[in-house]
Each structure stands twice: as structure tokens, then as C-alpha cells.
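Chain residues, written in single-letter form:
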Amino acid sequence: MKAVVVEELGPPEVMQVREVPRPQPGPGEVRLRVEAVGINFADVLAVAGEYLTRTKVPYTPGMEFAGIVDALGEGVTGVEVGGRVASLGGRGGLAEYALSPAAALIPVPPSFSGAQAAAFPVSYFTAYHGLKTLGHGREGEWVLVQAAAGALGTASIQLAKALGMRIVAMASTEEKLGIARDLGADVTLLQDDPERVQKVRDAAGGGGVPLILEVVGGRRFQESLDMAANRGRVIVIGNASREQASLRPVELMKRNLTVTGLWLTSLMGDREATREAAQALTPLVASGQVTPQVGPTYGLAESARAFRDILDRKTTGKVIIEP
Ligand code: NDP
């Protein structure tokens, strides 16, 4: 079968498509015929060797994928061969067939295509945990969504809207802001607007925004603190700038701010939090209030270009690769 292989970490161009043996599921594992892989900014960082965990090579990237169950390893029960599932298996998705621990499988609503199933879990569960589990967002409250036309950004806007929150969306181009408005953002601002701090504060009534989903990091992290209302909650979800940020705890004291980190991988291990998120998301999916935003779609041989386009901020919605 064909698979993307990374032998040395580096820029997207280190990824190569190779012919490799079809993997055999071990105990507790399931093999999927991969239909679609959702590409996250984290995949780009992992190939670069800049992710939160160390990337061991050689490896096949692709942490979030969907497909048809094709074979079951020893001891796997409750999974149907021939059914469509999504997986947060951690790696290996960029291939015609991929293994997933049965425990990492996520049921897929029957209405979802393979691409929609691959576009859903990471972005929507992260958005839920940012807005509710850790962010404690309330109906009528303002939230700032950065990189608003991206995979997490579009999911966050849809979900915040469905939860009755009011949204300030930031992104780097007018076209991206249009996408945010179409999804329900109340106020949109260019990320490089010279008056952005004051404008965000004004949007939320002059006192700043009570909840911020912070994904850019670096110098922008301080700006997020400046945009936050007193007693505001800043949820640190990403560092797309790949720059270092600094934090002065005294500033948090002075304005009673809360800064909370969010990493989906560790939250997925929290059964109660995952169950609550799934329970909240299921009816919103069924009613169509949240629908996965499938972005540009590439073939396996175009994987390096897909990763490069994410780095160059050319994409909107969830980038999909179909092996
Ligand atoms: P996106 O589809 O949002 O793509 C990344 C976006 O980041 C770009 O489109 C761009 O939007 C923005 N960006 C801002 N600054 C830069 C920069 N210097 N270089 C490149 N992009 C930049 O990706 P994801 O939805 O996968 O992820 C969004 C963020 O959320 C990332 O930081 C990611 O690591 C994080 N994340 C974290 C999770 C967790 O568990 N902690 C889970 C999911 C996502 P624009 O051009 O509008 O600025």
C-alpha cells in the first residue's frame, strides 16, 4: 500500500510517499481503510519536530483520520467490520490503511461523509473544551476567536454561536473574516489592524473580552491579556506563531485574570470531560447547528503541499487528505 513516510524531521517537503506493507492489527487494535485524514497544525509541528511530544522517526503522520473498519485485532469487541469510524490514533493516518487502538475510535454520525468525519473530532472537541470545560463560557458572553477561518476557528465560532455566545473573530485577511461572518461572528477584525486591542475591548462594551481562545502565542499572547476583561479567562490552545511568549504573574494578579492551558490529547484521557463534550455536541450535530467545515482536499501525493499551505496560512476550514 502507499503511505507517507518521514525519515528525518523538518519542513513539509521531508514527507515522501512510499510503497510499504499493509499493517496487521495487533491485540486491541483495529485496521481502517482510510477515506480521509484531517490535517491539524499539530501535524505540521510534529513533522518539524516542534510538537509538545517528541516525534520518533521513521513515522507516518496523520493523527486524525476516518475510514471503514477493515480488520480487527485480538480482543476487540463492539466494533463492526464495514462500519465508518473516526480515529484519534496519534499517527499513521496518511496511508491507504492505518491502525488505531480500538480505544481511540470515535463513532461517526451516519450523515457524515468520510471527509466530514475526519474534520470533526480534534477541532470540535477542542472548541468545546475551550469554550465550556475550561473556559466556562456562558450564554450572552463575548468570546474572542483567533485564526477564525481555520479548522479550530470555524468550529469555535459555530459552537459559540450555538451556545448563545457573542463572538469577536480575528484573522489575517478580509476573505477569512467573511467566512467568520458567514458562520455567525458578530464582530470581525483583521489580525494586523493597528488599533486591534482597543477595538476588541470596545466590541465587548469597552471593558474587554471575558473569554479568549488564544492560538497564536508569541508577542500576541501579551495582546490577548490586554484584550481580556478584568477576571477574564485566557485559554492557551496553540502557538501558531512558533515564537516564545512571556507571562508576568503580577499582571494576572492585578486584573484577576486566569490563564489556562488546553491540550486535547490529555483531556481525551479524562472520560468524564470527553463524555460531557460528546453529549453536548451530539444534538448540535444532529440539528445541523454545527457542521464540520471541510476545507481544501488533497491527494496523498500532495501531502507536502497541503502541509506547506497550512504553514503559509493559505487554507481555511479543515485541510483534508484523501489517500
Ligand atoms: P488552522 O486551520 O487554524 O491553521 C492555522 C492558522 O493559524 C492559520 O490559518 C493562520 O490563520 C493562523 N496563524 C497565525 N499566525 C500564524 C503563523 N505565524 N503561521 C501560520 N499560521 C498562523 O489550524 P488548526 O485548527 O489545526 O489549529 C489552530 C491552532 O490551534 C494551532 O495553534 C493549533 O496548534 C491549535 N490547536 C491546539 C489543540 C490543543 O489540543 N491544544 C487542538 C487543536 C488545535 P490566520 O491567517 O487567520 O492568522
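The structure we're discussing is the one just above.
Residues numbered from 1 in each chain as written. Predicted model: local features only at pLDDT ≥ 70, side-chain atom pairs only at ≥ 80, totals over all residues. Heavy atoms only, no water.

Peer 1: When you look at the nonpolar core in this model, what are you seeing that I'm missing?
Peer 2: The nonpolar side chains of a soluble globular protein tend to be buried with one another. Core analysis: the largest hydrophobic core is formed by 46 residues, its most contacted members being F120, L131, V143, I157, L159 and I167. The element best represented in this core is helix α3 (residues 121-133), accounting for six residues. For this core, the domains that each give at least three residues are domain 1 (2-120 + 292-322) and domain 2 (123-266). Beyond its immediate sequence surroundings of up to four residues, L131 is in contact with H136, G137, V143, S156, L159, A160, L163, M165, L211 and L213. The next biggest cluster of nonpolar side chains, apart from the first, holds 28 residues, and it includes F65, V69, V85 and L105. (Core = buried A, V, L, I, M, F, W, Y, C linked by side-chain atoms within 4.5 Å. Buried < 20%, exposed > 50% of the residue type's maximum accessible area, 1.4 Å probe, protein only. Helix = DSSP H or I, 4+ residues; strand = E, 2+ residues; numbered from the N terminus. Domains from an automatic or database assignment. Contact = heavy atoms within 4.5 Å.)

Peer 1: Quick question: what am I supposed to make of the packing of aromatic side chains here?
Peer 2: Centre distance and the angle of the planes are the two values used to describe a pair of aromatic rings. Applying the stated criterion across every chain yields a total of three aromatic pairs. Taken together, a centroid distance of 6.2 Å and an interplanar angle of 65 degrees make the contact between Y51 and W263 edge-to-face. Note that Y51 is positioned in the loop between α1 (41-48) and β4 (64-72) and W263 in the loop between β13 (258-261) and α9 (264-268), a separation of 212 residues in sequence. Of the residues examined, Y51 reaches a relative accessible area of 22% and is grouped as partly exposed. Look at W263 and you get partly exposed, because its relative accessible area is 29%. Members of the aromatic cluster, connected to one another through ring pairs, are F112, F120 and Y124. One Lys or Arg, R22, reaches over the ring of Y97 and ends 4.0 Å from the middle of that ring. (Phe/Tyr/Trp six-rings, centres within 6.5 Å; stacked < 30°, edge-to-face > 60°. Lys NZ or Arg CZ within 6 Å of the ring centre and 35° of its normal.)

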